[in-house]
Amino acid sequence: MSKRRSLKNQVNTIIYRQLRLGQSKFKARREEGTKYPKGIFSLNTFGTYMQQCHQFVDWLKGNEEIPKIRKISEARKYVGKYLEELKDKAYSPYTVHTAASALAKLYECRMEDFGVDLDKRERKVIKRSRIAPDPEYERKHQDIVDFYRGCGLRRCEMLRLKGEDVYRNENG
C-alpha cells in the first residue's frame, strides 16, 4: 500500500518537471510559436513559483470554507477565490500577478483562465520601505555621509567595514 502524497509534494513534482535550466527561452518561443513557452527557464523564477504555490496550499489548508483536498488538481477551482482574497487584502498588483503566474504554471493554463480581473501593474503604485534620510544627521556627519555615497557600497557592506579597511593615499 503506497503512502498518500501531500499537496506540497504534488506541487513540487509538477513545478520541478517544468524546469528547463540551460535551455533558451527565446528559442522555445520560436519553436512553440508563443510568447509564453512551456516550462520554467530561470532558477529564480522556479524558487518564486514554488514559494507562491506553497502559499496557495497553505491558504487551502487554513481556509475552513474549503473541504479537505487530497489532489492538487481538485484545488484548481479555488484559485480564483485565492487571487480575489489577495486583492482584497490590498496586496500589490505585482504580488497578485506573480501568484497568478505561478498558479498558471502549476495548472498549465493561462492566468485569464482563473476568471479574475487582475489590476494593472504601474510603477507609481509601488511602495518602498525606505525611510527618508534625516537631514540633521547628514549635516552633522557630512564627511561620513560623503564617504558612504562616494564608495558605492551596499548597506550590508558598509556595516562590515572596519577602520583598518580604510586608508588614505596621496589623493586623499
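Criteria and thresholds
Within any chain, residue numbers begin from 1 and follow the written order of that chain's sequence. Owing to the predicted nature of the model, reporting of local features is limited to residues with pLDDT of at least 70; listing and counting of side-chain atom pairs is limited to 80 or more, with chain, interface and lining totals taken over all residues. Here the side-chain values reflect all heavy atoms present in the structure, with hydrogen atoms and water set aside. For helices, the axis comes from a line fit to the C-alpha atoms of the stretch in contact; other axes are also lines fit to C-alpha atoms, and the angle between any two N-to-C directions lies between 0 and 180 degrees. Only runs of H or I of at least four residues qualify as helices and only runs of E of at least two qualify as strands under DSSP, and these elements are numbered from the N terminus. Here is the rule for angles: anything less than 35 degrees is roughly parallel, anything more than 145 is roughly antiparallel, 65 through 115 is roughly perpendicular, and the remaining ranges are oblique. Each crossing gets its handedness from the near helix: less than a right angle anticlockwise from the far helix is left-handed, clockwise is right-handed. Any pair of residues with heavy atoms lying within 4.5 Å of one another is described as a contacting pair. Note on residue categories: nonpolar means Ala, Val, Leu, Ile, Met, Phe, Trp, Tyr, Cys or Pro, charged means Asp, Glu, Lys or Arg, and polar means any other residue, Gly included. One confidence number per residue, pLDDT, is output by the predictor and ranges from 0 to 100. We define a nonpolar core as any set of buried Ala, Val, Leu, Ile, Met, Phe, Trp, Tyr and Cys residues linked to one another through side-chain atoms lying within 4.5 Å. The buried label goes to any residue with under 20% of its type's maximum accessible area, the exposed label to any with over 50%, and the partly exposed label to all in between, with areas taken from a 1.4 Å probe on protein chains only. Along the arc lie the directions from the helix axis toward the C-beta atoms. We define a polar contact as two N or O atoms separated by no more than 3.5 Å, with the added condition that, inside protein, one atom must be a possible hydrogen donor and the other a possible acceptor, whereas residues neighbouring each other in sequence contribute only through side-chain atom pairs. The working definition used for a salt bridge is a side-chain nitrogen of Lys or Arg within 4 Å of a carboxyl oxygen of Asp or Glu.

Colleague: Got a minute to help me understand the packing of helix 4 (residues 79-88) against helix 5 (residues 93-106) in this structure?
Modeller: Each pair of packed helices gets described by two things: the angle between the helix axes and the distance between those axes. With their axes 10 Å apart at the nearest point, helix 4 and helix 5 run at an angle of 165° to one another. Here helix 5 runs roughly antiparallel to helix 4, going by the angle between their axes. As for how helix 4 packs across helix 5, the hand of that crossing is right-handed. Contact residues: Val79, Tyr82, Leu83, Leu86 and Lys87 in helix 4; Val96, Ala99, Ala100 and Leu103 in helix 5. Its residues placed into classes, the contact of helix 4 with helix 5 shows eight nonpolar, no polar and one charged.

Colleague: Just to check I follow, could you spell out the confidence of the model for the chain for this structure?
Modeller: Reading predicted coordinates in detail is not appropriate for stretches of low pLDDT. Per-residue confidence for the chain averages 86 on the pLDDT scale, and 95% of its residues sit at or above 70. Within the chain, helix 7 (residues 142-151) has the poorest average pLDDT of any element, 81, and helix 3 (residues 43-62) the best, 94.

Colleague: Looking at this structure, how should I read the nonpolar core?
Modeller: Across soluble globular proteins, you tend to see nonpolar side chains buried next to one another. With 33 residues, the main nonpolar core has Phe56, Leu83, Leu103 and Tyr107 as its most contacted residues. A total of eight residues in this core trace back to one element, the largest contributor, which is helix 3. Those residues within four positions of Leu83 in sequence are excluded, and the remaining contacts are Val96, Ala99, Ala100, Leu103, Phe114 and Val116.

Colleague: Explanation requested: helix 1 (residues 7-17) in the structure shown.
Modeller: The periodicity of an α-helix, 3.6 residues per turn, causes residues three or four places apart in sequence to face the same way. The complete set of buried residues in helix 1 reads Leu7, Gln10, Val11 and Ile15. Viewed end-on, helix 1 has its buried residues packed into an arc of 125°, placing them on one side of the element. Helix 1 presents Tyr16 and Arg17 as exposed residues on the side facing more than 90 degrees away from its buried surface. Tucked into the core, helix 1 has its buried residues touching helix 3 and helix 5.

Colleague: What am I meant to see in unusual backbone geometry here?
Modeller: For residues other than glycine, phi is negative in most cases, and the peptide bonds are mostly trans. One non-glycine residue, Ala90, adopts positive backbone phi at about 65°. Assignment of secondary structure puts Ala90 in the loop between helix 4 and helix 5. You will see that Glu108, though not glycine, has its phi angle at about 50°, which is positive.

Colleague: Got a minute to help me understand the side chain of His97 in this structure?
Modeller: Tracing the backbone shows His97 in helix 5. Of the residues examined, His97 reaches a relative accessible area of 17% and is grouped as buried.

Colleague: Quick question: what am I supposed to make of the environment of Asn63 here?
Modeller: Position of Asn63 relative to the elements: it lies in the loop between helix 3 and helix 4. Residue Asn63 is classed as buried on the basis of its relative accessible area of 13%. A C-alpha to C-alpha distance of 15 Å links Asn63 and Lys89, two positions 26 residues apart in sequence. Residues within four places of Asn63 in sequence aside, it is in contact with Lys81 and Glu85. A distance of 3.0 Å separates a polar side-chain atom of Asn63 from the backbone nitrogen of Glu65.

Colleague: Got a minute to help me understand the pattern of salt bridges in this structure?
Modeller: Two side chains that carry opposite charge are able to pair once their charged atoms sit near each other. Following the criterion strictly, the structure yields seven salt bridges and no others. Of the charged contacts, one joins Arg20 and Glu32 as a salt bridge, the two residues approaching to 3.3 Å between their closest N and O atoms. With Arg20 in the loop between helix 1 and helix 2 (25-32) and Glu32 in helix 2, the pair connects residues that are 12 residues apart, well separated along the chain. For Glu32, a relative accessible area of 36% gives the class partly exposed. For Glu112, the salt bridge goes to Arg110, with nearest N and O atoms at 3.1 Å. Like Glu112, the residue Arg110 is exposed in the burial classification.

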